[in-house]
Amino acid sequence: MHRRDPAAKLLPLGVFLVALATVHRGLPWMAAGAVTILAAGFLAARLPIGRAFLRGTVVLPFTGTVALISWLSGDPARALELLVKSYLSALAVVLVVATSPLPGLFRRLELLGIPPFLLMVAQLVYRYLFVIAGEAAHMRTAAMSRGGMSFRAAAGAVAVLFARSHERAAAIHQAMLARGFQGQFMPLLPPRFSTADALFAAGVISAVLVLRLASERAA
Amino acid sequence: MQPLVEVAGLTYRYEDGTEALKGVNFRLMAGESVALFGANGSGKSTFARHLNGLLTGTGKVEVCGMEVSSRTASSIRRKVGLVFQDSDTQLFMPTVLEDVAFGLLNQGIAPDEARKRAMAALDRAGMLSAMSKAPYHLSAGEKKRVAIAGILALEPEILVLDEPTTFLDPPGQRALAELLRNLPQAKILITHDTPFALATCTRAVFFREGVVEAEGTVRSIADRFGWEFPVH
């Protein structure tokens, strides 16, 4: 999985997302099959399967809100469908991101027609999330070493955290410019689409399409 | 002989109104190593950021015969390698090797060649064994050496190092001094570490409140300004 070209994972991911989004009556079958395929993917990639499935829940607070509105408006089936589809979609994205070096992945996305500016924003957001997490960890350590932090102090610390993160982000941007950054991350190992990648992509796409057709038929 | 760096009357004011540089004059000749001394906040780091166009003040800043401006910044950054004080600022790629190769790839160097040069730079900095590690898994001293490797890989004509010995243990400092002495490039070292400056630099400049107050040999400047921790 890790050795496969990012494009060999992005193409099946696109097919999977469309197949999942358009299934209706056969959703239970499709979901069961999708979980099996994704679990097989995580196992093949030697990733911790429990943690990976947990990470997929990251979208639930957002889609859960919409699902709750559907539920309250008298459409529980639609609410459940939304939760299942969003969770499985997120899980598939987690699998692709966890098995592909980010610069290579973004390079392929660019070649597939995603606007470079959008990709650069995504890359910088990804990088700066670590900056904020790092600053938060430093502040937490400093607070704990001085006996912890009250709720009120923690609320004030959030403002300080953003100010510090902004300062750090500006310094990182300067460091990137100093080494000639011109708005595009160049991969050290340019992706090369091999026959094995083509076979892998074709295999996964076929499995997804078969699953999609079988699910509708079974329903 | 044309100086590599020529700065005349450089002034710079931060957005909050702080006047960080108040008419700095400075020259760096080929092969020279100059230590920048001065208290915290005296303008040394602000000055260094003008040398590759990260900041733009008023006055003249010329590097290798080119006036530093937004138009020439890209070319200037190939000539001036800047190692930042905080290595965490400089290291942002997923692996050490990718980070060291970052600048090379930005210069349009082919990935295979970039990989070779990055590995050579890591070897020079004694960090080749860490090339597959994530930068955030390294110790502070190791991060500093990787940050330096990232600049060495670019083979700039001028090296600017901001507090290079921060976080380095004494053997690490000795190794860095040895490495710098053997590099042919002109160097500007911002440091508070007088023994390190004595080991690596031929000249020193003293900054006070945004101006160059004095220059001379490292020993003379350190003695004149009491810039050495007394050892009894």
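Note on numbering: residues in each chain are counted from 1, in written sequence order. In the order they appear in the text, chains get letters beginning with A and ligands get numbers beginning with 1. The predicted nature of this model means local features are confined to residues of pLDDT at least 70 and side-chain atom pairs, given and counted, to a pLDDT of 80 or more, with totals for whole chains, interfaces and linings taken over all residues. Note that the side-chain values use all heavy atoms of the structure and ignore hydrogens as well as water.

(A) Fine view of the overall build of chain A. Per the secondary structure count, chain A includes 9 helices and 0 strands. Ordered by position from the N terminus, the helices and strands of chain A form the series α-α-α-α-α-α-α-α-α. Seen through its principal axes, chain A has C-alpha atoms that stretch 60 × 50 × 30 Å. Sequence separation of 24 or more characterises 78% of the internal contacts of chain A that already satisfy a separation of 6 or more. Note on areas: Shrake-Rupley, 1.4 Å probe, and residue coverage restricted to the protein chains presented here. About 12,600 Å² of surface is accessible on chain A, with carbon and sulfur atoms providing 71% of the total. Secondary structure elements follow DSSP: runs of H or I no shorter than four residues count as helices, runs of E no shorter than two count as strands, and numbering proceeds from the N terminus. Any two residues having at least one pair of non-hydrogen atoms within 4.5 Å are treated as being in contact.

(B) Here's a closer look at the overall build of chain B. Across its full length, chain B holds 9 helices and 10 strands. For 232 residues, the compact-globule estimate of 2.2 N^0.38 gives 17 Å, and chain B sits close to it at 17 Å. For chain B, the spread of C-alpha atoms along the three principal axes comes to 50 × 45 × 40 Å. Buried means the residue's accessible area, taken with a 1.4 Å probe over protein chains only, is under 20% of the maximum for its type, while exposed means over 50%, and partly exposed covers the values in between. The burial tally for chain B puts 56% of its 232 residues in the buried class. Partitioning the intrachain contacts of chain B with sequence separation of at least 6 by distance along the chain shows that 63% fall at a separation of at least 24. Element-wise, carbon and sulfur atoms account for 50% of the exposed surface of chain B, whose accessible area totals about 10,100 Å². In this count, Lys and Arg are taken as positive residues and Asp and Glu as negative ones, while His and the chain termini are left out. Taken as the charge centre is NZ of Lys, CZ of Arg, CG of Asp or CD of Glu, depending on the residue. Counting 25 positive and 27 negative side-chain charges, chain B places the averaged centre of each group 2 Å from the other. The globule rule used for comparison is 2.2 Å times the number of residues to the exponent 0.38, while the radius of gyration itself is calculated over C-alpha atoms.

(C) Looking closely at the sheet that holds strand S3 (residues 33-38) of chain B. Residue and element names in this part refer to chain B. The sheet built from 6 strands is open, its strands ordered S6-S7-S8-S3-S9-S10 with mixed pairing. What marks the edges here is a single partner per strand, and that holds for strand S6 (80-83) and strand S10 (211-216). Neighbour-to-neighbour, the strand axes of the sheet open up by a mean angle of 20°, direction not taken into account. Pairing between strands is defined by DSSP: at least two bridges between them are needed. Relative to S10, strand S9 (residues 203-208) is paired through 5 bridges, and the arrangement is antiparallel. In the sheet register, Arg208 faces S10, and the bridge partner there is Val211. Running at roughly 170° to S6, helix H6 (residues 140-152) makes contact with S6 and strand S7 (158-162) of the sheet. Axes, fitted as lines to C-alpha atoms, cover a helix only where it is in contact. Angles between the N-to-C directions of the axes lie from 0 to 180 degrees.

(D) Local environment of a nonpolar patch on the surface. Residue and element names in this part refer to chain A. The patches reported here contain residues having more than 30% relative accessible area and no salt bridge. Joining distances are 9 Å for like charges and 5 Å for nonpolar side chains (Val, Leu, Ile, Met, Phe, Trp, Tyr). A pairing counts as a salt bridge when a side-chain nitrogen of Lys or Arg comes within 4 Å of a carboxyl oxygen of Asp or Glu. Taken together, the side chains of Phe117, Val121, Val125, Tyr126, Leu129 and Phe130 define a hydrophobic patch exposed on the protein surface, amounting to about 610 Å² of accessible area. Turning to its location among the elements, Tyr126 is positioned in helix H7 (residues 116-145). Among the residues examined, Tyr126 registers a relative accessible area of 41% and is labelled partly exposed.

(E) Highlighting the domain arrangement of chain A. Boundary definitions for the domains trace back to an automatic or database domain assignment. Considered domain by domain, chain A is made up of domain 1 (6-101 + 190-218) and domain 2 (110-178). A C-alpha centroid distance of 30 Å is found between domain 1 of chain A and domain 2 of chain A.

(F) Quick look at the packing of helix H4 (residues 60-72) of chain A against helix H5 (residues 76-98) of chain A. Residue and element names in this part refer to chain A. The contact between H4 and H5 brings their axes to 7 Å, and the two run at 165°. Between H4 and H5, the angle falls in the class roughly antiparallel. Every pair of crossing elements has a handedness; the one defined by H4 and H5 is right-handed. Side by side, H4 and H5 meet where Leu60, Thr63, Gly64, Val66, Ala67, Ser70 and Trp71 of the first sit next to Pro76, Arg78, Ala79, Leu82, Leu83, Ser86 and Tyr87 of the second. Along the lines of polarity and charge, the residues of the contact of H4 with H5 split into 9 nonpolar, 4 polar and 1 charged. When an angle is under 35 degrees it counts as roughly parallel; over 145 it counts as roughly antiparallel; between 65 and 115 it counts as roughly perpendicular; any other value is oblique. It is the rotation of the near helix from the far one that decides the hand of a crossing: anticlockwise by less than a right angle makes it left-handed, clockwise makes it right-handed. Put simply, Ala, Val, Leu, Ile, Met, Phe, Trp, Tyr, Cys and Pro go in the nonpolar bin, Asp, Glu, Lys and Arg in the charged bin, and everything else, Gly too, in the polar bin.

(G) Seen up close, the sheet that holds strand S1 (residues 5-13) of chain B. Residue and element names in this part refer to chain B. Strands sit in the order S2-S1-S4-S5 across an open sheet of 4 strands; the sheet is antiparallel. The open sheet terminates on both sides in strands that have one partner only, identified here as strand S2 (19-28) and strand S5 (66-67). Bridge count between S1 and S2: 7 bridges; the pairing is antiparallel. Bridge pairing in S2 places Val5 opposite Leu28.

(H) Examining the environment of B:Met1 more closely. Residues and elements named next belong to chain B. Here Met1 shows up in the segment before S1. Residue Met1 is classed as exposed on the basis of its relative accessible area, which comes to 80%. Spatially, the C-alpha atoms of Met1 and Leu198 are 25 Å apart, while their sequence positions differ by 197 residues.

(I) Structural detail: the side chain of B:Gln185. Residue and element names in this part refer to chain B. Along the polypeptide, Gln185 turns up in the loop between helix H7 (170-181) and strand S8 (186-190). Pairing of N or O atoms within 3.5 Å defines a polar contact, subject to two protein rules: one partner must be a possible hydrogen donor and the other a possible acceptor, and residues neighboring in sequence count only if both atoms are side-chain atoms. Here Pro156 takes part through its backbone oxygen, which lies 3.0 Å from a polar atom of the side chain of Gln185. Once you skip the residues sitting within four places of it in the chain, Gln185 turns out to touch Glu155, Pro156, Glu157 and Leu159.

(J) Summary view of the nonpolar core. All names here are of chain B. Among buried residues, those of type Ala, Val, Leu, Ile, Met, Phe, Trp, Tyr and Cys that are joined through side-chain atoms within 4.5 Å constitute a nonpolar core. Residues Phe37, Val100, Leu122 and Val146 are the most contacted members of the largest nonpolar core, which totals 49 residues. In this view, Leu122 contacts Val96, Leu97, Val100, Met127, Leu128, Met131, Val146 and Ala149; residues no more than four positions away in its chain are not counted. Within the second largest apolar cluster, 32 residues are counted, among which are Tyr12, Leu55, Val80 and Ile190.

(K) Broad picture of the packing of aromatic side chains. All names here are of chain B. We call Phe, Tyr and Trp rings a pair once their centres come within 6.5 Å, taking the six-membered ring for Trp, and we label the pair stacked below 30 degrees between planes, edge-to-face above 60, and tilted otherwise. Taken as a whole and judged by the stated rule, the model has 9 aromatic pairs over all chains. Ring geometry for Phe26 versus Phe47: centroids 5.2 Å apart, planes at 70°, classification edge-to-face. Of this pair, Phe26 sits in strand S2 while Phe47 sits in helix H1 (residues 44-50), placing them 21 residues apart in sequence. Here Phe37 and Trp227 contribute two aromatic rings whose centre-to-centre distance is 6.5 Å and whose plane-to-plane angle is 40°, an arrangement assigned as tilted. With Phe37 in strand S3 and Trp227 in the segment after helix H9 (218-224), the pair connects residues that are 190 residues apart, well separated along the chain. Across the pair, exposure class does not vary: Phe37 and Trp227 are buried alike.

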